[in-house]
Protein chains: 2
Amino acid sequence: MSPRICIYGLEGIPEVKPGDDLPKLIIEAAEKNGVGIMDDDVIVVSQKIVSKAENRIIRLGEITPSDFAINLAEAEEKDPRLVEIILREAKRIVRVKDGHIITETRHGFVCANSGVDKSNIPGDDTVSLLPVDPDESARRIRERIREIKGVDIAVIVSDTFGRAWRIGQVNFAVGVAGMIPIVDYRGLNDPYGYTLKVTTIAIADELAAAAELVMGKISKIPVAIIRGFKPIRGEGSAKELVRSIEKDLFR
Amino acid sequence: MSPRICIYGLEGIPEVKPGDDLPKLIIEAAEKNGVGIMDDDVIVVSQKIVSKAENRIIRLGEITPSDFAINLAEAEEKDPRLVEIILREAKRIVRVKDGHIITETRHGFVCANSGVDKSNIPGDDTVSLLPVDPDESARRIRERIREIKGVDIAVIVSDTFGRAWRIGQVNFAVGVAGMIPIVDYRGLNDPYGYTLKVTTIAIADELAAAAELVMGKISKIPVAIIRGFKPIRGEGSAKELVRSIEKDLFR
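Note that this is a predicted model, so its numbers are computed, not measured.

**Q** Break down the overall build of chain A for me, citing the residues and quoting the values.
**A** Within chain A, the regular secondary structure consists of 6 helices and 12 strands. Structurally, chain A occupies a C-alpha span of about 60 × 45 × 30 Å along its principal axes. The buried share of chain A, taken over its 251 residues, is 49%. Relative to all contacts within chain A whose residues are 6 or more apart in sequence, the contacts with residues 24 or more apart total 60%.

Written as structure tokens, this is what we have:
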């Protein structure tokens, strides 16, 4: 039979609060949606609800911006408290232009605003930060689902980033557990006998992008289950997807 | 019911030759695979077979490299005839480093080697080029499938490119027909009433990435059918996904 993959969006996950047992909420939603969770499923979880469960939510009112944050905020017409949070989450500033602040986060991700985001959070004055260690977040979700359901799955924590050279954002993997995030074809032969030299596919990013197709940004579907794709098992992490500055042609 | 998308990889597409009726081959494969083609399907077609059908295949033996191609090839340890083809397909060179030649193609795509590629083609001496106008290629496939089957679908022509900042390649949309490639959430409210300010999702790139999950690089599955995702209809094109140099923070 031809290869076939299905992606299910999970509706009905309640508002996630700090300390919530997120894996349990995911299992319950998967059952309510008539999908369940099976061995070899890849579960893609939006960063936003992971950050909520881990209390990576900050009120702008609690923040005192530094002088640099105030200067930068004025230049780029942003809230200085928001800029302060962006700087605290950053390892370095990659580019500032036309109101965009592109940073390298402490994890190594290059993205706008260090992944700090105002959308899909209750409260006018509130922003979410990326999880401290999204690979560890993915591992914990995976282990807890195994503990409750006895299934062996892979977990991806995803966030939506912009790209150089192309318009629009797509979902990327920021945390990975239970799978190898990159499929390496180097040294393998194509059907014509040509030995592939440079092809490595960022499969975890493609899974995250596929999940976004059912998630949307305003439809409250923060979890997708991808079934039928058999991930290559191993102790993978999203850190493998980060191009070091030495190997980056564009920094 | 929860949103549900399925992706079917089409096996059994024969070796594509110049002038072949590719849409007919896709329809026959969809039927042999028991999948068929339905209204609102998104059909993702690998650039490679589109280029074969359009005779965008070149023998290196036919090429006389320019002096610049010879110099560049020597510096980057590449075949000067290959470099000549890369230059002919390029509008400008974006970066040359460590044996990588990153160009902006005549279409505006920023990618390695102007999209010129040796894999998955018969013949040692042969490379494929991107279609001259991949949007037009997608439009022709869409129209012909409508003509034969009477179904209204969207078509994406995809290719695999690397990214700045991240390891590994993913599938991108290089041609689009019958759908809007970017979903614009700007001005819409999230479920908490926050008005989204910057969120535009490159949905055609996410569909291309999702298709790659069933395609692989060595498995001879050059077409995927994505069912259950209702694309927003319109006269879209992959050109909309190209960030102009004026709006690019990284050129």
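**Q** How would you sum up the interface of chain B and chain A? Please name residues and give values.
**A** Between chain B and chain A, the contact holds 64 residues from the first and 64 residues from the second. Elements with a minimum of two residues in the side of chain B that touches chain A: β1 (4–9), β4 (90–97), β5 (100–105), β9 (170–177), β11 (200–201) and α6 (203–215) of chain B. Per element, the largest residue contribution to the side of chain B that touches chain A is 8 residues, and it comes from α6 of chain B.

**Q** Summarise the sheet that holds strand β6 (residues 110–112) of chain B; cite the residues concerned and give the values.
**A** Residue and element names in this part refer to chain B. Taken together, the 3 strands give an open sheet; going across it, the order is β4-β5-β6, and neighbouring strands pair in antiparallel fashion. With partners counted over all chains shown, the strands left at the sheet margins are β4 and β6, one partner each. The sheet shows a mean angle of 30° between the axes of neighbouring strands, direction not considered. As defined by bridge partners, β4 adjoins β5 across 6 bridges and the pair is classed as antiparallel. Directly across from R92, in β5, lies its bridge partner E104.

**Q** Before we move on, could you go through the relation of the copies chain B and chain A and cite the residues and values that matter?
**A** Overlaying chain B with chain A gives an RMSD of 0.0 Å, the required rotation being 180° about an axis along which the chain moves by 0.0 Å. On the angle and the small slide along the axis, the relation comes out as a two-fold axis. Of all interface residues in chain B, 100% are interface residues in chain A too; the two copies therefore contact each other through one and the same surface.

**Q** Let's hear about the pairing of β5 of chain B: which residues, and what values?
**A** All names here are of chain B. A loop of 2 residues connects β4 with β5, the two strands running antiparallel in sequence, and D98 in this loop sits at a positive phi of about 50°. The pairing of β5 with β6 spans 3 bridges and is antiparallel. Paired with I102 across the strands is A112, a residue of β6. Counted along the chain from β5 to the antiparallel partner β6, the turn is 4 residues long, and its residue G108 has a positive phi close to 110°.

**Q** Lay out helix α1 (residues 22–32) of chain B in plain terms, naming residues and giving numbers.
**A** All names here are of chain B. Considered for burial, the residues of α1 that qualify are L22, P23, I26, I27, A29 and A30. Angularly, the buried residues of α1 cover 165° about the axis, an arc narrow enough to put them on a single face. Contact partners of the buried residues in α1: β2 (42–46), α2 (47–53), α5 (134–149) and β12 (223–227).

**Q** Kindly report on the domain arrangement of chain A, identifying the contributing residues and their values.
**A** Residues and elements named next belong to chain A. Its domain assignment divides chain A into domain 1 (6–56 + 132–242) and domain 2 (58–127). In this complex, domain 1 contributes 8 residues to the contact, which on the side of domain 2 involves 7 residues. Looking at the side of domain 1 that touches domain 2, its residues break down into 4 nonpolar, 1 polar and 3 charged.

Quick notes on the rules
- Residues numbered from 1 in each chain as written.
- Chains lettered and ligands numbered in written order.
- Predicted model: local features only at pLDDT ≥ 70, side-chain atom pairs only at ≥ 80, totals over all residues.
- Helix = DSSP H or I, 4+ residues; strand = E, 2+ residues; numbered from the N terminus.
- Buried ≥ 20, exposed ≤ 12 C-beta atoms within 10 Å, placed from the backbone.
- Contact = placed C-beta atoms within 7 Å.
- Pairing = 2+ DSSP bridges.
- Axes fitted to C-alpha atoms, helices over the stretch in contact; angles between N-to-C directions.
- Least-squares fit on C-alpha atoms with pLDDT ≥ 70 in both.
- Arc of directions from axis to C-beta.
- Domains from an automatic or database assignment.
- Nonpolar A, V, L, I, M, F, W, Y, C, P; charged D, E, K, R; others polar.

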